[in-house]
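Each chain, letter by letter, is given below.
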Amino acid sequence: MADALAGKVARRLLPFLMLCYFFAYLDRVNVGFAALTMNRDVGLSASAYGFGAGLFFLGYVAFEVPSNLILERVGARLWIARIMVTWALVSASTAFVVGEWSFYLVRVLLGLAEAGFFPGIILYLTYWFPARQRAGIVGTFMMAVPLSAAIGAPLSGLVMSLADGALGLAGWQWLYLLEAAPSLLLGIAALFALTDRPEAASWLSETERATLMARMAEDHRSRPGRTAHLGRALVAPRILGLGLVYFGLSTGVYAVGLWLPQIVSAFGFSLVATGFVTAIPYIVSALGMVAWTRRSDRTGERRRHTAIPTIGAGLALLAASQAGTPFLTIVALSLAALGIFAALPTFWTLPTSLLSGSAAAGGIALINALGSIGGFAGPAMMGWIRDATGRFDHALAAVAAVLLLAGCLVLRLGRDVERGTVPSPRPDPA
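Cut-offs used in this document
Residues numbered from 1 in each chain as written. Predicted model: local features only at pLDDT ≥ 70, side-chain atom pairs only at ≥ 80, totals over all residues. Heavy atoms only, no water. Axes fitted to C-alpha atoms, helices over the stretch in contact; angles between N-to-C directions. Helix = DSSP H or I, 4+ residues; strand = E, 2+ residues; numbered from the N terminus. Parallel < 35°, antiparallel > 145°, perpendicular 65-115°, else oblique. Contact = heavy atoms within 4.5 Å. Core = buried A, V, L, I, M, F, W, Y, C linked by side-chain atoms within 4.5 Å. Buried < 20%, exposed > 50% of the residue type's maximum accessible area, 1.4 Å probe, protein only. Expected span 1.5 Å × (residues − 1). Phe/Tyr/Trp six-rings, centres within 6.5 Å; stacked < 30°, edge-to-face > 60°. Lys NZ or Arg CZ within 6 Å of the ring centre and 35° of its normal. Salt bridge = Lys/Arg side-chain N within 4 Å of Asp/Glu carboxyl O.

Asks: Give me the lowdown on the packing of helix α8 (residues 134-142) against helix α14 (residues 271-299), citing residues and values where you can.
Replies: Two elements in contact, α8 and α14, have axes separated by 8 Å at closest approach and are oriented at 170 degrees. Relative to α14, the element α8 lies roughly antiparallel. Here R134, A135, G136, G139 and M142 of α8 come into contact with α14, specifically with M289, T293, S296 and D297.

Take a look at the structure:
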């Protein structure tokens, strides 16, 4: 009954959530493809592009914790719909930027619009799936990211090539407009497709609802070391440490993701060929991350299943910085992407095992906010180093160092993180 019920819930929720995340990520990183011609058209240097691409995360960080707390209060159905509709409208407006400052403004607004989506979904999944199943569930959900890049990369190349000049708009302008439309429609659909909590799931029988609610209550009771106090969660050293780990992972994800089309294009590929070559690392990642998270669920081990692929990704980026040929560079970047995407779902089982209640809403959002600063730092650092040296290899080596430090930090945080316990707080003074 338990496995059948979990399967039924997963089939009801995950396809829609994955589709939403597919287009969320596409709208977030399509700037990497647009930059192949947009930078020239609007006069953006490598530094200005990297800085502006990363500015998304400053707006994102600013509204992250409040957004997740609002989601917990008003429910995922309404709040996810609001997020998706507003980010679709802002993403489409990127088609009309005319220079550095308008580009910067739209990227900040896009971050503000999307803030809370990913940590909100992570929180939402804790309402439906117990901790022992969560790595596989989060891994399946997060497979939308490499799939988005794998499908979106060649699609973006085709759109920019085929639509260029239609109705007086450049290919990169059509890219923003066409890829924002599905997010708008999905935002409206979220009002009908999502259910806030198990107790409101009319698509479950009365027995199934009771069983699921009892299972989630038992999961909560079985982890007495969790904290539900929001204030303590926001200052707990291990929560802040996990935020630093996520900083490293985000630096890797977005430094590679937002610059990969330009790295590939620099080898002399056409727009369409760049799209297909850029898809290769993400296809490898999609295949590997599910197998890795299932292994983590099967063994019950989380910490090393996060640290090992993170360190492996750092070593692969070091190899990419020294590869020298297009083939070896793509192989090394594929291994780096595989490591990063294998680490991410397992990483997100660590904070959800430590927190509950409003502390989960705030703590998960805080970790995502701290980590998302890496989404600003990675692309910006790549742009500054690229402008200063004229090369990508030094920039890749710098990102590799950040990933290596993040992997070591996971091991340093201690076993209580993966067991779902936190050190007992000191008693309040009388």
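Asks: Describe the nonpolar core, with residues and values.
Replies: Counting 138 residues, the largest nonpolar core has M38, F117, W128, F141 and W348 as the members making the most contacts within it. A per-element tally of this core places helix α1 (residues 2-29) first, with 16 residues. Among all residues touching W128, those that are not within four sequence positions of it are V9, L13, T195, D196, R197, P198, A201, W203, L212 and M216.

Asks: How would you explain helix α19 (residues 393-412) if you had to name every residue and give the values?
Replies: With 20 residues, α19 extends 29 Å from end C-alpha to end C-alpha; this agrees with the ideal 28 Å at 1.5 Å per step. Turning to α19, its buried residues are D393, A395, L396, V399, A400, V402, L403, A406, G407 and V410.

Asks: Give me the environment of A319: which residues, what numbers.
Replies: Relative to the helices and strands, A319 resides in helix α15 (residues 303-322). In the structure, A319 is positioned ten residues away from T329 in sequence and 7.9 Å away in space, judged by C-alpha atoms.

Asks: Any chance you could break down the packing of aromatic side chains for me, citing the residues and the numbers?
Replies: The geometry of two aromatic rings is summed up by the distance between their centres and the angle between their planes. One pass over the full model with this rule turns up 18 aromatic pairs. Both rings, one in F51 and one in Y104, keep their centres 5.1 Å apart while their planes meet at 80 degrees; by these two values the pair is edge-to-face. With F51 in helix α3 (residues 46-62) and Y104 in helix α6 (residues 100-114), the pair connects residues that are 53 residues apart, well separated along the chain. An aromatic cluster is defined as three or more aromatic residues linked by ring pairs; in this entry it consists of Y21, W87, F117, F118, F141, Y246, F347 and W348. In this structure, R82 is placed above the aromatic ring of W79, and the distance from its NZ or CZ to the ring centre is 4.4 Å. Over the aromatic face of Y127 sits the side chain of R197, whose NZ or CZ is 3.7 Å from the ring centroid.

Asks: A description of the pattern of salt bridges should follow, citing residues and the corresponding values.
Replies: Two side chains with opposite charge may pair up if their charged atoms get near one another. Going through the model one piece at a time under the given rule, you end up with two salt bridges. Between K8 and E208 there is a salt bridge, with the nearest N and O atoms lying 2.9 Å from each other. With K8 in helix α1 and E208 in helix α11 (residues 206-221), the pair connects residues that are 200 residues apart, well separated along the chain. Residue D41 is joined to R40 by a salt bridge in which the shortest nitrogen-to-oxygen separation is 3.5 Å. Looking at D41, the relative accessible area reads 42%, which means it is partly exposed.

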